[in-house]
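Understanding the architecture of this molecule
The lines below spell out each chain.
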Amino acid sequence: MSLQTAPTRIRFVLVGTQHPGNMGAAARAMKTMGLGRLVLVAPEKPLDEEAFRRSAGAEDVLGDAPVVATLAEAVADCRLVLGCTARARRVQLEELLPAVAAQRALAKAGDAADPGEVAFVFGRERTGLTNEELQLCHLAVHIPSNPEFSSLNLAAAVQVLAYELRMAHLEAAPAAAAADDEPREQAASHAQLEGLFGQLGQTLDDIDFHKGRAPESAMRKLRRLFLRTELSEQEVRLLRGILADAQRMARLAQK
């Protein structure tokens, strides 16, 4: 089983970080719990001396962190994306406590038959993740802090999730389950799912499904429905083939 190496398939993604020192502190929090994959999405300022000083021994984690322009790019190859959010927003996602989220992440990353890449996503210090960024997540993670003083430093939030991942990894039973000889279909990547959602949205427009209504609500519900099913690559191809035929028929009907 690949549970032993599961943490190597888990990345922490910081989106739009405003203070370089927080990126360094986050890297330190990760390394203390045995995690080493950090991705930076469009930080407001580049890494500087303070960032490396606050990493305090985790300079390798910080220095090796790729910097990308968008969240979609950071999680394109992921099978599970968990967005850490402090408050409820219009994007309705299943919300997990940190310990449960850690278990789900390890289960996906350590699947013996089909291990997948996993991302924990953290937003900006002041405003967190936008609704559009949360749309790219499969699940939400909420740290149940004191409602009268819920402000949690970015690095502290990273530390909580890193700790829960460490504990879940240490407590996991040493897998004595019998191997399943039947090959399993490979789960679809984040980028493949986003391609499906893009084509689905276009198809709904092509067949005039919304009939003047705002399409956002229907698409949110459809995204949640398909994300719950954990589609395989083959299933995504099948669905996209159906959508392509529907689009072709819509074009013929318009002639």
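For the structure, check the block above.
Residues numbered from 1 in each chain as written. Predicted model: local features only at pLDDT ≥ 70, side-chain atom pairs only at ≥ 80, totals over all residues. Heavy atoms only, no water.

Moving on, we get to the pattern of salt bridges. As enumerated under the stated definition, the model contains ten salt bridges in all. In this structure, Arg11 and Glu117 form a salt bridge, with 2.8 Å as the shortest nitrogen-oxygen distance. Taken as a pair, Arg11 in strand S1 (residues 10-15) and Glu117 in strand S6 (residues 117-122) lie far apart in primary sequence, 106 residues in all. With a relative accessible area of 5%, Arg11 lands in the buried category. (Salt bridge = Lys/Arg side-chain N within 4 Å of Asp/Glu carboxyl O. Helix = DSSP H or I, 4+ residues; strand = E, 2+ residues; numbered from the N terminus. Buried < 20%, exposed > 50% of the residue type's maximum accessible area, 1.4 Å probe, protein only.)

Membership of the largest hydrophobic core comes to 41 residues, with the highest contact counts inside it found for Phe12, Leu38, Leu82, Phe120 and Phe122. The element that contributes the greatest number of residues to this core is helix H7 (residues 154-171), accounting for seven residues. For Leu38, the contacting residues outside a window of four places in its chain are Phe12, Leu14, Met23, Ala27, Met30, Val61, Leu62, Ala65 and Pro66. Of all hydrophobic cores here, the second largest spans 18 residues; its members include Val68, Val81, Leu129 and Leu136. (Core = buried A, V, L, I, M, F, W, Y, C linked by side-chain atoms within 4.5 Å. Contact = heavy atoms within 4.5 Å.)

Time to look at the packing of helix H8 (residues 190-206) against helix H9 (residues 215-229). Orientation of H8 relative to H9, taken along the N-to-C sense of each, is 140°, at an axis distance of 11 Å. Between H8 and H9, the angle is such that the two are oblique. The two elements H8 and H9 cross, and the hand of that crossing is right-handed. Taken together, the residues of H9 that come into contact with H8 (itself represented by Leu193, Glu194, Phe197, Leu200, Gly201 and Leu204) are Met219, Leu222, Arg223, Phe226 and Leu227. Per-class residue counts for the contact of H8 with H9 are eight nonpolar, one polar and two charged. (Axes fitted to C-alpha atoms, helices over the stretch in contact; angles between N-to-C directions. Parallel < 35°, antiparallel > 145°, perpendicular 65-115°, else oblique. Left-handed = near helix turned anticlockwise from the far one by under 90°. Nonpolar A, V, L, I, M, F, W, Y, C, P; charged D, E, K, R; others polar.)

Turning next to the packing of aromatic side chains. Evaluated as defined, the whole model comprises two aromatic pairs. With centroids separated by 5.5 Å and ring planes inclined at 55°, the aromatic side chains of Phe12 and Phe120 adopt a geometry described as tilted. One end of the pair, Phe12, is in strand S1; the other, Phe120, is in strand S6, and 108 residues separate them in sequence. For Phe12, a relative accessible area of 0% translates into the label buried. (Phe/Tyr/Trp six-rings, centres within 6.5 Å; stacked < 30°, edge-to-face > 60°.)

We now examine the side chain of Thr17. If you trace the backbone, Thr17 turns up in the loop between S1 and helix H1 (20-32). Apart from the residues lying within four places of it in its own chain, the contact partners of Thr17 are Asn22, Met23, Pro43, Glu44, Lys45, Glu125 and Leu154.

Each pocket or cavity is described by its volume, and for the largest pocket that value is around 600 Å³. Around the largest pocket, the lining comprises 25 residues; the ones closest to its centre are Leu80, Lys108, Leu227, Arg228 and Glu230. Counting residues per element, the ones that place at least two in the lining of the largest pocket are strand S4 (78-84), helix H5 (98-109) and H9. Taken together, the residues of the lining of the largest pocket sort by class into ten nonpolar, three polar and twelve charged. A volume near 510 Å³ is recorded for the second largest pocket. Contributing to the lining of the second largest pocket are 23 residues, with Thr85, Ala86, Arg124, Glu125 and Leu152 lying nearest its centre. (1 Å grid on protein atoms, 1.4 Å probe; cavity = no way out; pocket = protein on both sides within 12 Å on 5 of 7 lines; lining within 4 Å. Points joined across faces, edges and corners; volume = space filled by probe spheres on them.)

What links the strands of a sheet is backbone hydrogen bonding, and the strands pair in either a parallel or an antiparallel sense. Across the sheet, which stays open at both edges, the seven strands sit in the order S3-S2-S1-S6-S4-S7-S5 with parallel pairing between neighbours. Each having just a single partner strand, strand S3 (67-68) and strand S5 (95-96) make up the two edges of the open sheet. In the sheet, S1 pairs with strand S2 (residues 38-41) via four bridges, with the strands oriented parallel. Opposite Leu14, over in S2, you have Leu40 as the bridge partner. (Pairing = 2+ DSSP bridges.)

The terminal C-alpha atoms of H8 lie 24 Å apart, and with 17 residues this matches the ideal 24 Å at 1.5 Å per residue to within 8%. Of all the residues in H8, the buried ones are His190, Leu193, Leu196, Phe197, Gln199, Leu200, Gly201, Thr203 and Leu204. In this fold, the buried residues of H8 make contact with S4, H9 and helix H10 (233-254). After H8 finishes, the residue Asp208 shows a positive phi value of roughly 55°. (Expected span 1.5 Å × (residues − 1).)

Two numbers describe a pair of packed helices, the interaxial angle and the distance between the axes. Interaxial distance between H8 and H10 falls to 10 Å at its minimum, and their mutual angle equals 20°. The angle between H8 and H10 falls in the class roughly parallel. Taken as a pair, H8 and H10 cross one another with a handedness that is left-handed. Of H10, the residues touching H8 (which contributes Gln192, Leu193, Gly195, Leu196, Gln199, Leu200, Gln202, Thr203 and Asp206) are Glu233, Val236, Leu239, Arg240, Leu243, Ala244, Ala246, Gln247, Ala250 and Gln254. Here the residues of the contact of H8 with H10 sort into nine nonpolar, seven polar and three charged.

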